[in-house]
There are 12 protein chains.
Amino acid sequence: MGDHVYKVVELVGSSSKSIEDAIENAIGRAGKTLSNLDWFEVVDTRGHIDGGKVGHYQVTVKVGFRLKD
Amino acid sequence: MGDHVYKVVELVGSSSKSIEDAIENAIGRAGKTLSNLDWFEVVDTRGHIDGGKVGHYQVTVKVGFRLKD
Amino acid sequence: MGDHVYKVVELVGSSSKSIEDAIENAIGRAGKTLSNLDWFEVVDTRGHIDGGKVGHYQVTVKVGFRLKD
Amino acid sequence: MGDHVYKVVELVGSSSKSIEDAIENAIGRAGKTLSNLDWFEVVDTRGHIDGGKVGHYQVTVKVGFRLKD
Amino acid sequence: MGDHVYKVVELVGSSSKSIEDAIENAIGRAGKTLSNLDWFEVVDTRGHIDGGKVGHYQVTVKVGFRLKD
Amino acid sequence: MGDHVYKVVELVGSSSKSIEDAIENAIGRAGKTLSNLDWFEVVDTRGHIDGGKVGHYQVTVKVGFRLKD
Amino acid sequence: MGDHVYKVVELVGSSSKSIEDAIENAIGRAGKTLSNLDWFEVVDTRGHIDGGKVGHYQVTVKVGFRLKD
Amino acid sequence: MGDHVYKVVELVGSSSKSIEDAIENAIGRAGKTLSNLDWFEVVDTRGHIDGGKVGHYQVTVKVGFRLKD
Amino acid sequence: MGDHVYKVVELVGSSSKSIEDAIENAIGRAGKTLSNLDWFEVVDTRGHIDGGKVGHYQVTVKVGFRLKD
Amino acid sequence: MGDHVYKVVELVGSSSKSIEDAIENAIGRAGKTLSNLDWFEVVDTRGHIDGGKVGHYQVTVKVGFRLKD
Amino acid sequence: MGDHVYKVVELVGSSSKSIEDAIENAIGRAGKTLSNLDWFEVVDTRGHIDGGKVGHYQVTVKVGFRLKD
Amino acid sequence: MGDHVYKVVELVGSSSKSIEDAIENAIGRAGKTLSNLDWFEVVDTRGHIDGGKVGHYQVTVKVGFRLKD
């Protein structure tokens with residue numbers, strides 16, 4: 001990482017398909033406005049129940065990206 | 001949520017296929033005896049190992065449902 | 001407490017007024033179906049935002065009550 | 001565990017003798033109304049003091065049991 | 001929540017009146033620059049003491065809002 | 001804070017009225033025997049239930065005060 | 001608890017015999033200088049190993065006692 | 001579990017495909033040098049981001065196995 | 001501890017008798033293959049239920065030992 | 001703090017020299033784009049190992065700053 | 001530790017120089033009024049920012065000392 | 001990280017000089033018997049007090065290293 005500084009933002013991605021898809025949705029959205037995305041960490045996995053089944057997974061991720069010097 | 005009151009129960013779903021399938025099994029079973037299931041949160045993900053592979057995922061979820069007034 | 005056994009249930013009370021009112025709503029609802037309520041503990045305080053203000057407080061409480069011997 | 005679903009309930013057992021006795025009291029009481037008790041986990045150990053000595057141990061346990069399919 | 005993505009920011013609101021007022025101050029300030037505020041969660045409640053009384057409550061809240069697609 | 005050293009004590013204030021009142025009671029009592037009280041942090045909010053309502057809020061606070069050099 | 005205020009102190013009791021004995025030693029010592037001891041909570045259980053066996057249990061307890069008004 | 005003793009080791013499995021695949025990779029590698037693998041628990045789920053997508057999931061698991069008597 | 005380096009391993013001891021006996025079993029087994037065992041810390045206390053009673057206590061301990069220089 | 005509102009951002013500073021230097025790097029970088037920085041809290045200390053030595057300390061800090069009214 | 005009983009107090013030391021210096025300041029101050037100081041544990045590391053740099057490190061330590069029998 | 005698997009071990013390094021030196025001692029010792037050391041995380045910072053000053057810092061680190069395929 002050299003002497004760089006990173007910022008960490010917290011996002012919640014949702015998906016009706018899977019936990020992995022919810023994570024990808026959060027990261028994909030982050031990439032629209034942020035550059036140099038580097039890592040993520042899952043901090044919460046929850047969701048809504050609809051008709052006795054999982055309606056949406058809602059996965060909270062922290063996403064780290066390098067700040068320009 | 002208006003002024004409703006919700007109850008939260010803790011369940012462990014298991015599945016030999018995936019984490020998502022274990023969650024669905026827990027929620028599906030809850031729906032047999034409880035109405036108005038609303039949300040869930042994953043609180044633990046573990047499992048048994050069988051022959052050097054994952055035998056069963058065992059996912060502990062908290063499930064929230066609205067109580068009748 | 002003598003040699004009694006207690007059970008702890010988790011409830012979410014909501015209120016548009018205050019945190020205390022949300023707690024009272026949860027406990028009041030519990031008292032409709034459970035006897036010998038003894039203590040509570042707040043485990044989470046959150047809520048919905050509506051029009052830039054708190055719409056409802058949603059307070060998760062654990063409520064302990066004595067089981068009949 | 002196969003594809004079974006388990007429920008987890010939280011109980012507080014008390015005893016003037018020992019931590020183990022408080023755990024046994026909680027599990028014994030649970031067995032009066034629940035079948036297929038499978039495992040427990042201690043989540044809190046506290047108690048009342050009486051005359052400068054431990055009056056009662058109060059041990060909070062989570063107890064897991066298999067739900068009928 | 002559909003397949004939306006949400007961002008979570010951390011704010012500290014303060015108030016000399018009450019915990020609820022400090023929460024409202026944080027949310028009110030967030031609404032000046034952010035749209036689609038959706039939920040909050042209290043993560044810390046502290047404050048300064050002034051003249052042997054609470055001078056200000058300082059309540060740390062996480063505030064979630066929906067990002068535009 | 002300069003190079004001062006602070007001590008932190010843990011107190012439980014109780015009140016039948018509100019969480020804020022329980023906090024004020026704890027701080028008010030601390031001020032009878034301690035000087036230079038500076039900050040507090042709420043670490044637990046619980047209470048007794050009496051007749052199906054909150055009997056007393058019991059709020060555990062850590063209180064920090066500056067030690068004389 | 002009425003409107004009393006309680007103080008909580010942290011002690012480590014040790015014993016070569018058992019966890020319960022280490023708790024009793026901590027509470028017994030506290031009672032020599034403090035009055036109105038009311039409750040305790042175990043926050044850590046550790047110990048030294050001596051000759052391949054437990055030499056001493058060292059149990060950290062928080063002890064609460066009522067302050068004089 | 002009888003009176004057996006188990007050891008718990010911490011591993012990080014990685015996979016570009018899914019969380020489950022990362023878990024299987026960790027357990028599969030453990031089985032090359034350890035016998036009697038019994039259970040696992042997920043303790044952290046993170047990963048690297050590559051080109052605005054998940055590059056690799058990195059899942060930290062604790063793996064328990066029975067020691068020979 | 002001088003400038004020594006210590007390693008910490010995680011073990012689960014089990015016993016049908018008591019929590020202390022499960023701890024001793026874990027430490028006794030560790031001593032068969034490791035030298036210079038120095039301290040332990042209990043990190044989890046759980047067990048299996050058999051016939052409505054505790055079948056086995058399963059106590060997870062971290063055990064620290066000094067590495068040879 | 002008066003009735004101000006503060007925002008908290010999470011940064012990771014790195015340094016090959018020391019933990020303090022990594023903290024200063026994170027704060028120094030924050031000050032390039034944010035005004036009224038007020039406090040920080042260390043939430044994680046980790047790093048990369050290079051050639052059997054610490055290559056870089058990577059210290060995660062939360063940094064609080066006052067928002068304009 | 002024999003059968004001694006230890007007390008643990010929580011202090012916050014501050015220093016403009018380093019984390020270690022803040023720890024030494026807390027312990028040095030404790031030694032003015034307490035005897036038989038034995039160990040410490042860092043429980044929080046934070047500080048004030050002044051002019052875009054660390055103004056003071058504020059390190060919260062728990063300090064354990066042996067009580068006279 | 002590709003599809004490698006990593007192992008994480010827990011070590012306690014000590015030093016009379018500084019927290020960083022205790023970390024280096026733990027990592028240096030690990031490197032004598034383990035290859036491919038990759039990262040570390042500090043999980044606890046404590047120490048012994050000697051003559052009213054820090055005698056030794058004792059820093060618990062988790063160290064991750066890549067396993068051979």
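For every chain, the first residue of the written sequence is number 1, and numbering continues from 1 onward in sequence order. Chains carry letters from A onward and ligands carry numbers from 1 onward, assigned in written order. Local features are withheld for residues below a pLDDT of 70 in this predicted model, meaning they are given only at 70 or higher, and side-chain atom pairs are given and counted only at 80 or more; totals for whole chains, interfaces and linings count all residues. Computation of side-chain values covers all heavy atoms of the structure but excludes hydrogens and water.

1. Quick notes on the overall build of chain A
Part 1 of the argument: On a plain count of helices and strands, chain A comes out with one helix and three strands.
Part 2 of the argument: Ordered by position in the sequence, the α and β elements of chain A form the string β-α-β-β.
Part 3 of the argument: The quantity called the radius of gyration is restricted to C-alpha atoms. Its globule counterpart is 2.2 Å times the number of residues to the power 0.38. Relative to the compact-globule value of 11 Å for 69 residues, chain A shows a C-alpha radius of gyration of 14 Å, a clear excess of over 25%.
Part 4 of the argument: Once the C-alpha set of chain A is aligned to its principal axes, its extents read approximately 50 × 20 × 15 Å.
Part 5 of the argument: Within chain A, contacts between residues separated by at least 24 positions form 60% of all contacts whose residues are at least 6 apart in sequence.
Part 6 of the argument: When the accessible surface of chain A is split by element, carbon and sulfur atoms take 43% of a total near 2,700 Å².
Part 7 of the argument: Neither His nor the chain termini are counted; the positive set is Lys and Arg, and the negative set is Asp and Glu. Where a charge lies is defined by one atom per residue type, namely NZ (Lys), CZ (Arg), CG (Asp) and CD (Glu). Across chain A, 9 positive and 10 negative side-chain charges occur, with their mean positions spaced 6 Å apart. Only DSSP runs of H or I covering at least 4 residues are called helices, and only runs of E covering at least 2 are called strands; the numbering of each starts at the N terminus. Note on contacts: a residue pair qualifies if any of its non-hydrogen atoms lie within 4.5 Å across the two residues. Values of accessible area rely on a 1.4 Å probe in the Shrake-Rupley scheme; residue burial ignores everything except the protein chains shown.

2. Some details on empty space enclosed by the protein
Part 1 of the argument: In the cavity and pocket records, a cavity denotes points on a 1 Å grid over the protein atoms alone where a 1.4 Å probe fits but cannot get out, a pocket denotes an open set with protein on both sides within 12 Å along at least 5 of 7 lines, and lining residues are residues with an atom within 4 Å of a point. Grid points are joined across faces, edges and corners, and a volume is the space filled by probe spheres set on the points. Tallied over the full model, the rule gives one cavity of 30 Å³ or more.
Part 2 of the argument: For the largest cavity, the calculated volume is near 220 Å³.
Part 3 of the argument: In terms of lining residues, the largest cavity is bounded by 15 residues, among which F:Val8, F:Val9, F:Glu10, G:Val8 and K:Val8 are the most central.
Part 4 of the argument: Listed by contribution, the elements that provide at least two residues to the lining of the largest cavity are β1 (5–15) of chain F, β1 (5–15) of chain G together with β1 (5–15) of chain K.
Part 5 of the argument: The residue makeup of the lining of the largest cavity, split by class, is six nonpolar, no polar and nine charged. Following the grouping adopted for this structure description, the nonpolar residues are Ala, Val, Leu, Ile, Met, Phe, Trp, Tyr, Cys and Pro, the charged ones are Asp, Glu, Lys and Arg, and the polar ones are all others, Gly among them.

3. Section: the interface of chain A and chain B
Part 1 of the argument: The partner chain B presents 13 residues to the 14 residues of chain A that form the contact.
Part 2 of the argument: In total, about 1,100 Å² of surface goes out of reach between chain A and chain B, with carbon and sulfur atoms giving 56% of it.
Part 3 of the argument: One speaks of a salt bridge when a side-chain nitrogen belonging to Lys or Arg is within 4 Å of a carboxyl oxygen belonging to Asp or Glu. Joining chain A to chain B, the criterion identifies one salt bridge.
Part 4 of the argument: Think of a polar contact as two N or O atoms within 3.5 Å of one another; within protein, one of them needs to be a possible hydrogen donor and the other a possible acceptor, and neighboring residues in sequence only count if both atoms come from side chains. Along the contact surface separating chain A from chain B lie seven residue pairs in polar contact (both at pLDDT 80 or more).
Part 5 of the argument: Residue assignment for the side of chain A that touches chain B shows that the elements contributing at least two residues are α1 (19–33), β2 (37–50) and β3 (53–66) of chain A.
Part 6 of the argument: Broken down by element, the residue count for the side of chain A that touches chain B peaks at six residues, all from β2(A).
Part 7 of the argument: Grouping the amino acids of the side of chain A that touches chain B by side-chain chemistry returns four nonpolar, six polar and four charged.
Part 8 of the argument: Where β2(A) lies against strand β2 (residues 37–50) of chain B, three bridges are found, and the strand directions are antiparallel. Note that in β2(B) the partner of A:His48 across the bridge is B:Trp39. Note on terms: buried area is the combined drop in 1.4 Å-probe accessible area of two parts once they are placed together, counting the loss on both. Paired strands, as defined in this entry, are two strands with at least two bridges between them according to DSSP.

4. Some details on the pairing of strand β1 (residues 5–15) of chain A
Part 1 of the argument: Within β1(A), 10 of the 11 residues are buried, which leaves the element mostly enclosed by the surrounding structure.
Part 2 of the argument: Where β1(A) lies against strand β1 (residues 5–15) of chain J, four bridges are found, and the strand directions are antiparallel. Residue A:Lys7 lies in a different strand from β1(J), and its bridge partner there is J:Leu11.
Part 3 of the argument: Examined bridge by bridge, β1(A) and β3(A) share 10 bridges and lie antiparallel to one another. Within the sheet, the bridge partner assigned to A:Tyr6 lies in β3(A) and is A:Arg66. Each residue gets one of three labels from its accessible area relative to the maximum for its type: buried under 20%, exposed over 50%, partly exposed in between, using a 1.4 Å probe on protein chains only.

5. Overview of the interface of chain L and chain I
Part 1 of the argument: Each partner contributes residues to the interface: chain L has 15 residues there, and chain I has 13 residues.
Part 2 of the argument: At the boundary of chain L with chain I, total buried surface from both sides reaches about 1,100 Å², with 52% on carbon and sulfur atoms.
Part 3 of the argument: It is L:Glu10, L:Val12 and L:Arg29 in chain L that bury the most area against chain I; as a group they hold 48% of the surface buried on that side.
Part 4 of the argument: One can count one salt bridge joining chain L with chain I.

6. Section: the environment of J:Ala30
Residues and elements named next belong to chain J.
Part 1 of the argument: For alanine 30, the location among the structural elements is in helix α1 (residues 19–33).
Part 2 of the argument: Taking C-alpha positions, alanine 30 is 10.0 Å from phenylalanine 65, a pair spaced 35 residues apart along the chain.
Part 3 of the argument: Setting aside chain neighbours within four positions, we find alanine 30 in contact with Leu11 and Leu37.

7. Here we look at the relation of the copies chain A and chain B
Part 1 of the argument: When the copies are superposed, the least-squares fit takes in the C-alpha atoms of residues with a pLDDT of at least 70 in both. After a rotation of 120° and a shift along the axis of 0.0 Å, chain A superposes on chain B with an RMSD of 0.0 Å. Taken together, the turn and the small shift mark the pair as related by a three-fold rotation axis. It is A:Ile19 whose C-alpha, among those of chain A, lies nearest the rotation axis, at 5.0 Å.
Part 2 of the argument: Looking at the interface residues of chain A, only 14% of them are also at the interface in chain B, so each copy uses its own face.

8. A look at the packing of aromatic side chains
Residue and element names in this part refer to chain E.
Part 1 of the argument: A pair of Phe, Tyr and Trp rings is counted when the ring centres sit within 6.5 Å of each other, with Trp represented by its six-membered ring. The angle between the planes then sorts it: under 30 degrees is stacked, over 60 is edge-to-face, the rest tilted. For the structure shown, the criterion picks out 24 aromatic pairs over all chains.
Part 2 of the argument: Here the aromatic rings of tyrosine 6 and tryptophan 39 are separated by 5.7 Å at their centres, their planes lie at 55°, and the arrangement is tilted. Taken together, the residues tyrosine 6 in strand β1 (residues 5–15) and tryptophan 39 in strand β2 (residues 37–50) connect sequence positions 33 residues apart. Each member of the pair, tyrosine 6 together with tryptophan 39, is buried.

9. Some points on the confidence of the model for chain A
Part 1 of the argument: Of all residues in chain A, 97% have pLDDT values of 70 or greater, and the mean over the chain is 95.
Part 2 of the argument: Across the predicted assembly, pTM comes out at 0.96 and ipTM at 0.96. What pLDDT reports is the predictor's confidence in each residue, on a scale of 0 through 100.

10. Looking at the pattern of salt bridges
Part 1 of the argument: This structure, assessed with the given rule, holds 36 salt bridges over all chains.
Part 2 of the argument: Between E:Arg46 and F:Glu41 there is a salt bridge, with its nearest N and O atoms 3.0 Å apart. In this pair, E:Arg46 sits in strand β2 while F:Glu41 sits in strand β2 (residues 37–50), so the two residues belong to two different chains.
Part 3 of the argument: When its relative accessible area of 18% is taken as the criterion, E:Arg46 is described as buried.
Part 4 of the argument: Put simply, A:Glu41, H:Asp44 and H:Arg46 are held in one network by salt bridges that share partners.

11. Re the arrangement of the chains
Part 1 of the argument: The two partners chain B and chain J share no contact, and the minimum distance between any of their C-alpha atoms is 22 Å.
Part 2 of the argument: Separated throughout, chain C and chain L approach each other most closely at a C-alpha pair spaced 25 Å apart.

12. A look at unusual backbone geometry
Part 1 of the argument: Of note, the phi angle at K:Asn36 is positive, near 60°, even though the residue is not glycine.
Part 2 of the argument: With respect to the element layout, K:Asn36 can be found in the loop between α1 (19–33) and β2 (37–50).

13. Section: the environment of A:Gly55
All names here are of chain A.
Part 1 of the argument: By secondary structure assignment, the location of glycine 55 is in strand β3.
Part 2 of the argument: Through-space distance from the C-alpha of glycine 55 to that of glycine 28 is 21 Å; in sequence the pair is 27 residues apart.
Part 3 of the argument: Aside from chain neighbours lying at most four places away, what touches glycine 55 is Ser16, His48, Ile49 and Asp50.

14. Some points on the environment of J:Val42
Part 1 of the argument: Tracing the backbone shows J:Val42 in strand β2 (residues 37–50).
Part 2 of the argument: For the pair J:Val42 and J:Val9, spaced 33 residues apart in the sequence, the C-alpha separation amounts to 12 Å.
Part 3 of the argument: Those residues in contact with J:Val42, other than ones at most four positions away along the chain, are J:Ile23, J:Val59, J:Thr60, J:Val61 and K:Thr45.

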